Amino acid sequence: MGFYSSSRAILASALLFCFCVQLLGVHGESRRLYIVYLGDVKHGHPNDVIDSHHDILSIVLGSKEDSLASMVHNYKHGFSGFAAMLTEEQAKQLAEFPEVISVQPSRTYTATTTRSWDFLGLNYQMPRELLHGSNYGEDIIIGVVDSGIWPESRSFSDQGYGPVPSRWKGVCQVGQAWGRNNCSRKIIGARFYTAGVDEDNLKIDFLSPRDANGHGTHTASTAAGSVVEAASFHGLATGVARGGAPHARIAVYKSLWTSPDGGTIGSTATVLAAIDDAIHDGVDVLSLSLVAEENSFGALHAVQKGITVVYAAGNRGHRPQTVGNTAPWVITVAASKIDRSFPTVITLGNKQRIVGQSLYYQGKNSSSSSFKSLAFGGPCTTEALNGTDLREKIVLCASPISTTTVHDVQNAGGSGLIFVQYTTDILSDTDCKGFPCVLVDIDTGKKIVKYSAAASSPVARIDPTRTITGKETLAPKVAAFSSRGPSTDYPDIIKPDIAAPGANILAAKGDSYEIMSGTSMATPHVTGIVALLKALHPKWSPAAIKSAIVTTASVTDERGMPILAEGSPRKIADPFDYGGGHINPSRAADPGLIYDIDPSDYNYFFSCNINKTSSSCNATSVPGYYLNLPSISVPELRYPITVSKRVTNVGEVDAVYHATIQSPPGVKMEVEPPVLVFNATNKVHTFQIKLSPMWMLQGDYIFGSLTWHSDQRTVRIPIAARITIHDFYADVA
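These numbers come from a predicted model, not from an experiment.

**Thoughts on the overall build of the chain**
Alright, step 1. From N to C terminus, the chain includes 18 helices and 42 strands.
Alright, step 2. Every one of the 733 residues in the chain was classed for burial, and the buried ones make up 58%.
Alright, step 3. Total accessible area on the chain stands at roughly 28,600 Å², and carbon and sulfur atoms take up 51% of it.

As structure tokens, this is what we get:
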């Protein structure tokens, strides 16, 4: 294992200062960071690749010295390209070079468990085929592109691990508060990237792979954390914390940095650098709990090298057309709720018991709960609370939870808060550090208001939160915050691909464990399952793994009830909420049939979606539904179309599958042939799906499915179609 000198941290700071000085180019024209993409690597040695970059840039800038000063990062392993500080005119000149595929500004990226794995059927104490057959993901290398890692966490203990796999070619880059001993047989590599990151963000973070924010530690432990007994968040959600692939190795690529508001931020330049190095280092899976503004060609190169790439769908739900990371070669993950709730009992002065949700815990030296006066704070804005005596009172707020309100009430001597709002999936905001902050729905809130109006001196008591798991809770459900399709970039591809647990997930953060929510938390759940599948089926391609996950997903709960999607209003989930459905790891291990894709097939699709300055489709591009994806989306169904699909048998050699059609309403769907017979000679079959509009109208998206079933297995793909007669339309979902 190689190591960088600790002087790199000082050098990085100096370089960042130089870049800031260079923000003004010649003649005062403003410079910014651009990504110059050159396609596949065309030289044998990385140094030759770098030299070729400077040859091109020197022509535009006038000298090798100016090229060296402008260059921020070279992409030289998985693909060829570079990040450089350029003026708009210089970027346009570079785009004219025949070897340059695209020149685009670097964009900003933002980041988007004791019960969840048992809920998914991966019980560590009683392992089924997937956990046992994959040996818990042993020696699979997961690359985590995030905000770094906290190596001292018990979740990253390397006790019982063997030597680092010999195929590993990565490094342990040392820096601030990170030495050589922070890498281990569990965390086998670590790098960090600062290109394009604001200096103010670097000042409040560690200039090293160490995680100051906690986001990367949480996601890494969810994907591949070692087994930790009796983990909890102040006594809540107590159980065994572990990752989906607890014996997998972790490679850290710190590309996100702590922002002043406590979030994380990165850039195209940092993320592409991480992907490029990860391809070189030899990771098997890449996990990116972030949302990109454009579809990454870096991820495409990774997939073509056999690396499965898992991205977050984003947290801008429940509105349609908000899903991010929609390239067909990646797995895009929506977030769901699991069968765990945190009921918090509010007792009113008339002995009526109201149940809300929160993460309220009492400190070690806190006194027991007692009745306090109940005050109505209206919208609970700073203006509304100004002048109100809140001392020793529980304040009822007719508004969503607000950090500002919590601080205002605490500073005014209040004893607690009750927020009345529409059902939410995020309880991490109710962690008010031992101060009672409870969420109740609107119906419950009205009961409290009614009592308060009738009582001469209304009082209430808030008891500490309890944890409930099991069949009493309706689950899974798509979380309200989870971004929804259809994709605005590729409406002819269903996104997201799959849903996985992402609401109120307990995982490592620093030296302890905390509950967090987001598609950022859902992504490493899929990453862990991908690692298990990769260990169980080492020859499967990324497309085969994706197919196995999508085609075996659940669309009903264990009672046979349709999975719901939280939102306004709550509804039965459809493919734009969860893709193929909710992930089912055990079934994915033995899918029967897979929709595989030769990685070179993506080149044809990708070439239609990228030019010198953008990555948008043109009118002559081939529709995405012609790719052999485990889904079909036809955004403009005006006349009958026929789509060919190809399935490969990975189950019993001799098998017969029959087609079951669920046509989208208003669409006639036909499958030919309706029966597929597999044997030792015929392992692959091609079939055609014909979709015909039954009416002439300007319609909306409607959904159906095609399921191949044998005596033992079902292989289902979702189908979306929209009947149109005009080029314009308003409704999208």
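**A few points about the pairing of strand 12 (residues 249-254)**
Alright, step 1. With six of its six residues buried, strand 12 lies for the most part within the structure.
Alright, step 2. Sheet topology places strand 7 (residues 141-146) next to strand 12; six bridges connect them, and they run parallel. For I141, the partnering residue across the bridge sits in strand 12 and is R249.
Alright, step 3. In the sheet, strand 9 (residues 187-192) pairs with strand 12 via five bridges, with the strands oriented parallel. What sits directly across from A190, in strand 12, is V252.

**Here's the deal with the sheet that holds strand 34 (residues 593-594)**
Alright, step 1. Sheet architecture is open: four strands sit in the order 34-36-40-38, paired in antiparallel fashion. Whereas interior strands pair on both sides, the edge strands pair on one side only; in this sheet they are strand 34 and strand 38 (667-672).
Alright, step 2. Sheet topology note: the strand 34/strand 36 (residues 641-649) ladder contains two bridges and is antiparallel. Looking across to strand 36, one finds that I594 is bridged to T648.

**Structural notes on the confidence of the model for the chain**
Alright, step 1. Per-chain confidence: the chain averages 87 in pLDDT, with 89% of residues scoring 70 or above.
Alright, step 2. Low pLDDT, under 50, characterises residues 1-27; the predicted model gives this stretch 43 contacts beyond four residues in sequence or across chains.
Alright, step 3. Residue range residues 608-620 is modelled with pLDDT below 50. Its contacts to residues more than four positions away, or to other chains, number 31 contacts.

**A word on the side chain of T523**
Alright, step 1. Relative to the assigned elements, T523 resides in helix 14 (residues 519-536).
Alright, step 2. Sequence-distant contacts of T523, defined by excluding residues within four places in its chain, comprise S287, L288, S289, V310, Y311, A312 and V333.

**Regarding the environment of I307**
Alright, step 1. Along the chain, I307 turns up in the loop between helix 10 (297-304) and strand 17 (308-312).
Alright, step 2. Beyond its immediate stretch of four places on either side in the chain, I307 contacts A278, I279, V283, D284, V285, L286, A302 and P542.

**Structural notes on the state of the cysteines**
Simply put, disulfide is the name for a covalent bond between the sulfur atoms of two cysteines.
Alright, step 1. For the coordinates displayed, the defined rule picks out two disulfides.
Alright, step 2. The residue that forms a disulfide with C172 is C183, at a sulfur-sulfur distance of 2.1 Å. Between C172 and C183, the S-S dihedral sits near 95°, and the bridge is therefore right-handed. Highlighted residues: C172 in strand 8 (residues 171-172) and C183 in the loop between strand 8 and strand 9, separated in sequence by eleven residues.

**A closer look at the side chain of Q90**
Alright, step 1. With respect to the helices and strands, Q90 occurs in helix 4 (residues 88-95).
Alright, step 2. Owing to a relative accessible area of 10%, Q90 belongs among the buried residues under this scheme.
Alright, step 3. From its side chain, Q90 meets the backbone nitrogen of T87 in a polar contact 2.9 Å long.

**What to know about the pairing of strand 35 (residues 632-637)**
Alright, step 1. Most of strand 35 is tucked away: five of the six residues are buried.
Alright, step 2. Summarising the sheet, strand 35 and strand 42 (residues 714-723) pair through four bridges and their orientation is parallel. Residue pairing across strands places I632 opposite I719, the latter belonging to strand 42.

**Focus on the pattern of salt bridges**
Alright, step 1. Evaluated as defined, the whole model comprises 24 salt bridges.
Alright, step 2. A salt bridge links R210 to E152, with the nearest nitrogen and oxygen atoms 2.8 Å apart. Note that R210 is positioned in the loop between helix 7 (199-203) and helix 8 (215-224) and E152 in the loop between strand 7 and strand 8, a separation of 58 residues in sequence.
Alright, step 3. Between D284 and R167 there is a salt bridge; the shortest N-O distance is 2.9 Å. Of the two residues, D284 is situated in the loop between helix 9 (268-281) and strand 15 (285-288) and R167 in the loop between strand 7 and strand 8; the sequence distance between them amounts to 117 residues.
Alright, step 4. A relative accessible area of 12% means that D284 is categorised as buried.
Alright, step 5. Taking relative accessible area as the criterion, R167 reaches 38% and is therefore assigned partly exposed.
Alright, step 6. Beyond isolated ion pairs, a larger network of salt bridges with shared partners links K337, K477, E566 and R570.

**Thoughts on the packing of aromatic side chains**
Aromatic ring pairs are defined here through the distance separating the ring centres and the angle between the ring planes.
Alright, step 1. Throughout the structure, instances matching the rule amount to twelve aromatic pairs.
Alright, step 2. Between F576 and F703 the ring centres are 5.1 Å apart and the planes differ by 90°, which places this aromatic pair in the edge-to-face class. Taken together, the positions of F576 in helix 16 (residues 575-578) and F703 in strand 41 (residues 701-709) put the pair 127 residues apart, joining distant regions of the chain.
Alright, step 3. The exposure class of F576 is buried, given its relative accessible area of 3%.
Alright, step 4. Ring pairing ties together the aromatic residues Y37, Y75, F79 and F297, which thus form one cluster.
Alright, step 5. Taking NZ or CZ as reference, R32 lies 5.9 Å from the ring centre of Y34, over its face.
Alright, step 6. Across the ring face of W150, the terminal group of R210 is positioned such that the distance to the ring centre comes to 4.6 Å.

**Here we look at the sheet that holds strand 13 (residues 257-258)**
Alright, step 1. Read across the open sheet, the four strands follow the order 13-14-6-16; overall the sheet is antiparallel. Edge positions in the sheet fall to strand 13 and strand 16 (290-291), since each of these pairs with one other strand and no more.
Alright, step 2. Both strand 13 and strand 14 (residues 264-267) contribute to a ladder of two bridges, which runs antiparallel. Following the sheet pairing, T258 is matched in strand 14 by T264.

**Details of helix 4**
Helical geometry: 3.6 residues make up each α-helical turn, so side chains three or four residues apart lie on a common side.
Alright, step 1. Taken together, the buried positions of helix 4 are Q90, A91, L94 and A95. Seen end-on, helix 4 carries its buried residues on one side only, within an arc spanning 140°.
Alright, step 2. Where the residues of helix 4 are buried, they touch strand 2 (32-39), helix 2 (46-61), strand 4 (80-86) and strand 5 (102-105).

**Some thoughts on a nonpolar patch on the surface**
Alright, step 1. Nonpolar side chains collect at one region of the surface, where V656, V675 and V677 lie side by side and expose about 200 Å² of accessible area between them.
Alright, step 2. Relative to the assigned elements, V656 resides in strand 37 (residues 655-662).

**Some details on the packing of helix 2 against helix 4**
Alright, step 1. Running from N to C, helix 2 and helix 4 cross one another at 130°; their axes reach a closest spacing of 10 Å. One element, helix 2, and the other, helix 4, form an angle in the oblique class. Considering how the two elements wind past one another, helix 2 and helix 4 form a crossing that is right-handed. Here I56, L57, V60 and L61 of helix 2 come into contact with helix 4, specifically with Q90, Q93 and L94.
Alright, step 2. The residue inventory of the contact of helix 2 with helix 4, partitioned by class, reads five nonpolar, two polar and no charged.

**A word on the environment of V647**
Alright, step 1. Note that V647 resides in strand 36.
Alright, step 2. Sequence-distant contacts of V647, that is, excluding residues within four places in its chain, are made with L593, I594, Y595, L676, F678, K683, V684, H685 and F687.

**Digging into the environment of I632**
Alright, step 1. Locating I632 in the fold gives a position in strand 35.
Alright, step 2. Contacts of I632, omitting those with residues within four sequence positions, involve I494, Y625, V643, K645, I689, L691, I717, P718, I719 and A720.

Conventions and cut-offs
Residues numbered from 1 in each chain as written. Predicted model: local features only at pLDDT ≥ 70, side-chain atom pairs only at ≥ 80, totals over all residues. Heavy atoms only, no water. Helix = DSSP H or I, 4+ residues; strand = E, 2+ residues; numbered from the N terminus. Buried < 20%, exposed > 50% of the residue type's maximum accessible area, 1.4 Å probe, protein only. Areas by Shrake-Rupley, 256 points an atom, 1.4 Å probe, with all protein chains shown as cover. Pairing = 2+ DSSP bridges. pLDDT = per-residue confidence, 0-100. Contact = heavy atoms within 4.5 Å. Disulfide = S-S within 2.5 Å. Polar contact = N/O pair within 3.5 Å; in protein donor to acceptor, adjacent residues only side chain to side chain. Salt bridge = Lys/Arg side-chain N within 4 Å of Asp/Glu carboxyl O. Phe/Tyr/Trp six-rings, centres within 6.5 Å; stacked < 30°, edge-to-face > 60°. Lys NZ or Arg CZ within 6 Å of the ring centre and 35° of its normal. Arc of directions from axis to C-beta. Patch = residues over 30% accessible without salt bridge, like charges linked within 9 Å, V, L, I, M, F, W, Y side chains within 5 Å. Axes fitted to C-alpha atoms, helices over the stretch in contact; angles between N-to-C directions. Parallel < 35°, antiparallel > 145°, perpendicular 65-115°, else oblique. Left-handed = near helix turned anticlockwise from the far one by under 90°. Nonpolar A, V, L, I, M, F, W, Y, C, P; charged D, E, K, R; others polar.

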